[in-house]
Number of protein chains: 2
Amino acid sequence: MTTSKQGRQPGSGRGQRVTIADIARRAGVTPAAVSLAVNGRPGVSDATRERIMTIAEELRWEPSPSARALAGAPVLTVGMVLARPAEVLGTEAFFGAFVAGLQEVLSRRDYSLQMKIVESTDAEIDTFRRWFAQRRVDGVVVVDLRQDDPRIPALEDLRLPALVVGGPGHHGALPAVYVDDAHATRLLVDHLAEQGHRRLARVAGDGELLHTLQRDRAFEERCAELGLAGVSQVAGFGTRGAEIAAAELLARPEPPTAIIFDSDEMALAGAHVLEQSGSRIPQDVAVASFEDSALTRTHRPPITAIGRSAIEYGRVAATRLLEVIETAGTRPSTPEAAAEEARAIEPVLVVRESTRADAVRPPASGDAPAAAG
Amino acid sequence: MTTSKQGRQPGSGRGQRVTIADIARRAGVTPAAVSLAVNGRPGVSDATRERIMTIAEELRWEPSPSARALAGAPVLTVGMVLARPAEVLGTEAFFGAFVAGLQEVLSRRDYSLQMKIVESTDAEIDTFRRWFAQRRVDGVVVVDLRQDDPRIPALEDLRLPALVVGGPGHHGALPAVYVDDAHATRLLVDHLAEQGHRRLARVAGDGELLHTLQRDRAFEERCAELGLAGVSQVAGFGTRGAEIAAAELLARPEPPTAIIFDSDEMALAGAHVLEQSGSRIPQDVAVASFEDSALTRTHRPPITAIGRSAIEYGRVAATRLLEVIETAGTRPSTPEAAAEEARAIEPVLVVRESTRADAVRPPASGDAPAAAG
DNA sequence: CTGAAAGCGCTTACAG
DNA sequence: CTGAAAGCGCTTACAG
């Protein structure tokens, strides 16, 4: 019944929440002093600060994010918009891993990730505008970079801290992290050339994505440099296109002896077409993928792929975005400085049986040591 | 230079943000009237309301989530804590799909999802406490339900709206959605019995998870009912345990003719062991999985599995949680009513070649029509 | 180093 | 139906 009993009554705020006013009262100082103390800012003596901190802990005080944000502090939230249906995201291994990597870094720094699924790029830009107007996020991460991406100028106008995942180039005055797809392409082409292949093919996915174009260019260039015959086929999204592309390649008068697919799903779909038409992998035709995953690892034969840890990619992106947010407004930031870009992670070639010239696959077996051909 | 030019000056708030004060001034009413109007609450005439709404749109006003939250409105955020390392999350297909499903529903309702990765269950409970104290989320979704899960009583104490993903049962006074694992188990056992199998085995994953126990029990019961010999092996997390379990099962004097694995990764690992030791799938031993994914679909032979759309599961969970949040505090809510549970989605048996008694696998081919054995 | 005040943008009683 | 005010919990100048 008595309301003065200390410890009975958690705090004076809404729903008995503990506020800095409670701490101030106990410590015999003003709320402003508490604010300075708990934020580690100068303005209070060490003795006072320590007393305040002790009381704050005793009372299990937690700062109110809303109040802080309203008073002008960062909201400790970063945003990511995905203009792809949930169905596509859910089946893509990259998404979950990338998000997990982002989360790991953000959680540790007490930031949270806000995600939103929208229908179109326009809706995505609109979401950025609204988030900015609402002060809902401190910054955003932009994925699925395309050529002449309309999101870039929109974000430049907004002056909302943003990190582009993709590149190099094509990210305007925004900072970016990327995986070097041209380099990855060369790793694959060089490996296949070393295995003795002279006629290579590339089956490409979504032609609008920037990295698809970069792979196209690098593929042509490297084949030319090494004096190889290289053909490209655009298959579009999904596995159906990859199946058709594989069939068409096989039907050529001089079919390629090695095929590089843009994704793991495409590689598997293509491989099945090859096997059904009687081609053995890798003896008749080698198969490689730009995307590594459990699918490529567990397929028989296991498929050579570019390993670029999506988790690590997420971690690097989160780390870089936090840097961008924290230095935002610090300098006038010349476009050149702002547009700084960093390689996120090195692509690595993971060689597996699907491209080994010396591989002999024992029937009904996978990992058994292979005798040299 | 003139500051009175309408349209030149976006708003009067911090960083020229448009606030309800700007709208009020233009409409010749008080901010309170604007608040009532934009929130569709009674207290303003229809004419006034319409005028206010028009101005709000013209000015492209966006409500401030922080201000709303501080004034007591919901924060429009739900939380999810994951006590698993990013590495594990990233490689699990279920995670990305479940999150995509959650997001889809939440985004549409203007809610956002806050995620946090922590190290332990204690840290998870601590996060719930802090989120509650901070008023950071309106509710939480609890995944990876275990037996005697300490999170349940902790959340009951907190009175933070929470939805348990898992069950039936074991979720205390909290509402829950679940997939009926006992039913899924019966689907698998019945199917294998129909295919003529009399000696079944089950290779189980993490023994602490509630659904593992439920599968164990249902497996034993159903085998007994049908007069089948059923053995269970606990393999633990990861693929290594599944490989060992498969090898041990094969080495038995009377080895099983059909094996059910708890996950897709385990099924694949087990299948490879079987094939390496010379067993043909499905002729010598049938293989099935509790978890469907691209792995089971693309494996040769494709593996029979329980399909339970993780995306749909996420959608159902989000929908139910929003209901819980919206009705929170409405009634005194008897424990019985609160603890209501709902089946999230029906498990479906997806029969594939790995369990078809009549399947004859053509060499080096997958989907070709099979002649009856 | 400390205190008193204003303000962030909204909502919610409480009078008229 | 409308207006004026207080308050949510914090931060940030601004005086002493």
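Everything numeric here is computed off the predicted structure, so don't read it as measured data.

1. A short note on the packing of helix 7 (residues 121-134) of chain A against helix 8 (residues 151-158) of chain A
Residue and element names in this part refer to chain A. At a minimum axis separation of 10 Å, helix 7 and helix 8 run at an interaxial angle of 10°. One way to sum up the angle between helix 7 and helix 8 is to call them roughly parallel. Together, Thr121, Glu124, Ile125, Phe128, Arg129 and Phe132 of helix 7 and Arg151, Ala154, Leu155 and Leu158 of helix 8 make up the contact between the two elements. In terms of residue class, the contact of helix 7 with helix 8 is built from six nonpolar, one polar and three charged.

2. Thoughts on helix 14 (residues 310-327) of chain B
Here helix 14 of chain B is 18 residues long and its end C-alpha atoms lie 26 Å apart, about the 26 Å a rise of 1.5 Å per residue gives. Residues of helix 14 of chain B that are buried include every one of Ala310, Ile311, Tyr313, Gly314, Arg315, Ala317, Ala318, Arg320, Leu321, Leu322, Val324 and Ile325 of chain B, and no others.

3. Regarding the interface of chain B and chain A
Between chain B and chain A, the residue contacts involve 54 residues of the former and 54 residues of the latter. Carbon and sulfur atoms make up 53% of the surface buried where chain B meets chain A, a total of about 4700 Å² over both sides. Counting across the chain B and chain A interface gives six salt bridges. Ionic pairing is found between aspartate 110 of chain A and lysine 116 of chain B, a salt bridge with its closest N-O pair at 3.8 Å. Between chain B and chain A we count 14 residue pairs in polar contact (both at pLDDT 80 or more) in total. Elements with a minimum of two residues in the side of chain B that touches chain A: helix 4 (65-70), helix 5 (86-91), helix 6 (93-108), strand 2 (112-117), helix 7 (121-134), helix 12 (264-276), helix 13 (294-298) and helix 14 of chain B. Tallied by class, residues from the side of chain B that touches chain A come to 25 nonpolar, 15 polar and 14 charged.

4. Concerning the pattern of salt bridges
If you walk through the whole model with that rule in mind, you get 51 salt bridges over all chains. Across the salt bridge formed by arginine 130 of chain B and glutamate 62 of chain A, the nearest N and O atoms sit 3.4 Å from each other. Taken together, the residues span two chains, with arginine 130 of chain B in helix 7 and glutamate 62 of chain A in the loop between helix 3 (46-58) and helix 4 (65-70). Relative accessible area serves as the criterion here: at 28%, arginine 130 of chain B is assigned to the partly exposed category. What makes glutamate 62 of chain A buried here is its relative accessible area of 19%. The shortest N-O distance in the salt bridge between arginine 146 of chain B and glutamate 208 of chain B comes to 2.9 Å. Taken together, the residues arginine 146 of chain B in the loop between strand 3 (139-142) and helix 8 (151-158) and glutamate 208 of chain B in the loop between strand 6 (199-204) and helix 10 (210-226) connect sequence positions 62 residues apart.

5. Some thoughts on helix 6 (residues 93-108) of chain A
Because the α-helix completes a turn every 3.6 residues, residues three or four places apart line up on one side. Residues and elements named next belong to chain A. Between its terminal C-alpha atoms helix 6 stretches 23 Å, which fits the 22 Å expected from 16 residues at 1.5 Å a residue. Counting buried positions over the 16 residues of helix 6 gives 13, a clear majority of the element. Looking one or two residues past helix 6, aspartate 110 carries a phi angle of roughly 70°, positive in sign.

6. Quick word on the environment of glutamate 194 of chain A
Tracing the backbone shows glutamate 194 of chain A in helix 9 (residues 181-194). Expressed as a C-alpha distance, the spacing of glutamate 194 of chain A and alanine 357 of chain A, which sit 163 residues apart in the sequence, is 9.5 Å.

7. What to know about the protein's contact with DNA strand C
Residues in contact with DNA strand C amount to 23 residues; listed here are only the nearest, Gly43 and Ser45 of chain A together with Ile20, Ser35 and Arg41 of chain B. Taking the atoms of DNA strand C that fall within 4 Å of the protein, sugar and phosphate contribute 68% of them. Asparagine 39 of chain B is positioned such that a nitrogen or oxygen atom in its side chain is 3.0 Å from a phosphate oxygen of DNA strand C. Here serine 64 of chain B contributes a backbone N or O atom positioned 3.3 Å from a phosphate oxygen of DNA strand C. Looking at the surface near DNA strand C, the elements that each hand over two or more residues are helix 2 (31-38) and helix 4 of chain B.

8. With respect to the protein's contact with DNA strand D
Surrounding DNA strand D, one finds 23 residues, the nearest of these being Ile20, Ser35 and Arg41 of chain A together with Gly43 and Ser45 of chain B. At 3.3 Å from a base nitrogen of DNA strand D is found a main-chain nitrogen or oxygen belonging to alanine 67 of chain A. Within the backbone of alanine 71 of chain B, an N or O atom sits 3.4 Å from a base oxygen of DNA strand D. Of all the secondary-structure elements, those providing two or more residues to the surface near DNA strand D are helix 2 (31-38) and helix 4 of chain A. Residues that form the surface near DNA strand D fall into these classes: 10 nonpolar, nine polar and four charged.

9. Details of the confidence of the model for chain A
All names here are of chain A. Counting all residues, the mean pLDDT for chain A is 86, and 89% of those residues have values of 70 or more. Contacts from residues 1-8, a stretch scored under 50 in pLDDT, to residues over four places away or in other chains number two contacts. Every residue in residues 361-373 is under pLDDT 50, and counting partners more than four places away or in other chains gives 22 contacts.

10. Examining the relation of the copies chain B and chain A
Each copy of the sequence occupies a distinct position, and chain B is placed on chain A by a rotation of 180° and an axial shift of 0.0 Å, giving an RMSD of 0.1 Å. What we have between these two chains is a two-fold relation. Interface overlap between copies is the fraction of interface residues in one copy that are interface residues in the other; for chain B against chain A it reaches 100%, indicating a shared surface.

11. Focus: the packing of aromatic side chains
Overall, the coordinates contain six aromatic pairs over all chains when judged by the stated rule. Between the aromatic rings of phenylalanine 94 of chain B and tyrosine 313 of chain B, the centroid separation amounts to 6.2 Å while the plane-to-plane angle is 75°, which identifies the pairing as edge-to-face. In this pair, phenylalanine 94 of chain B is assigned in helix 6 and tyrosine 313 of chain B in helix 14, connecting sequence segments 219 residues apart. Judged by its relative accessible area of 5%, tyrosine 313 of chain B falls in the buried class. Geometry around phenylalanine 290 of chain A places arginine 215 of chain A over its ring, the cationic atom sitting 4.0 Å from the centre. Lying across the ring of phenylalanine 132 of chain A, arginine 17 of chain B places its NZ or CZ 5.6 Å from the centre.

12. A look at the pairing of strand 6 (residues 199-204) of chain A
Residues and elements named next belong to chain A. Burial analysis of strand 6 places five of its six residues in the buried class, which makes it a mostly covered element. Note: strand 6 against strand 7 (residues 229-234), six bridges, orientation parallel. Note that in strand 7 the partner of alanine 204 across the bridge is valine 234. Tracing the backbone out of strand 6, into helix 10 (residues 210-226) and back to the parallel element strand 7 gives a crossover that is right-handed. Pairing analysis gives four bridges linking strand 6 to strand 8 (residues 258-261), with the strands arranged parallel. For alanine 201, the partnering residue across the bridge sits in strand 8 and is isoleucine 259.

What counts and how
Residues numbered from 1 in each chain as written. Chains lettered and ligands numbered in written order. Predicted model: local features only at pLDDT ≥ 70, side-chain atom pairs only at ≥ 80, totals over all residues. Heavy atoms only, no water. Axes fitted to C-alpha atoms, helices over the stretch in contact; angles between N-to-C directions. Helix = DSSP H or I, 4+ residues; strand = E, 2+ residues; numbered from the N terminus. Parallel < 35°, antiparallel > 145°, perpendicular 65-115°, else oblique. Contact = heavy atoms within 4.5 Å. Nonpolar A, V, L, I, M, F, W, Y, C, P; charged D, E, K, R; others polar. Expected span 1.5 Å × (residues − 1). Buried < 20%, exposed > 50% of the residue type's maximum accessible area, 1.4 Å probe, protein only. Buried area = accessible area lost by both parts, 1.4 Å probe. Salt bridge = Lys/Arg side-chain N within 4 Å of Asp/Glu carboxyl O. Polar contact = N/O pair within 3.5 Å; in protein donor to acceptor, adjacent residues only side chain to side chain. Near = heavy atom within 4 Å. pLDDT = per-residue confidence, 0-100. Least-squares fit on C-alpha atoms with pLDDT ≥ 70 in both. Phe/Tyr/Trp six-rings, centres within 6.5 Å; stacked < 30°, edge-to-face > 60°. Lys NZ or Arg CZ within 6 Å of the ring centre and 35° of its normal. Pairing = 2+ DSSP bridges. Right-handed = clockwise from strand over helix to strand, strands pointing away.

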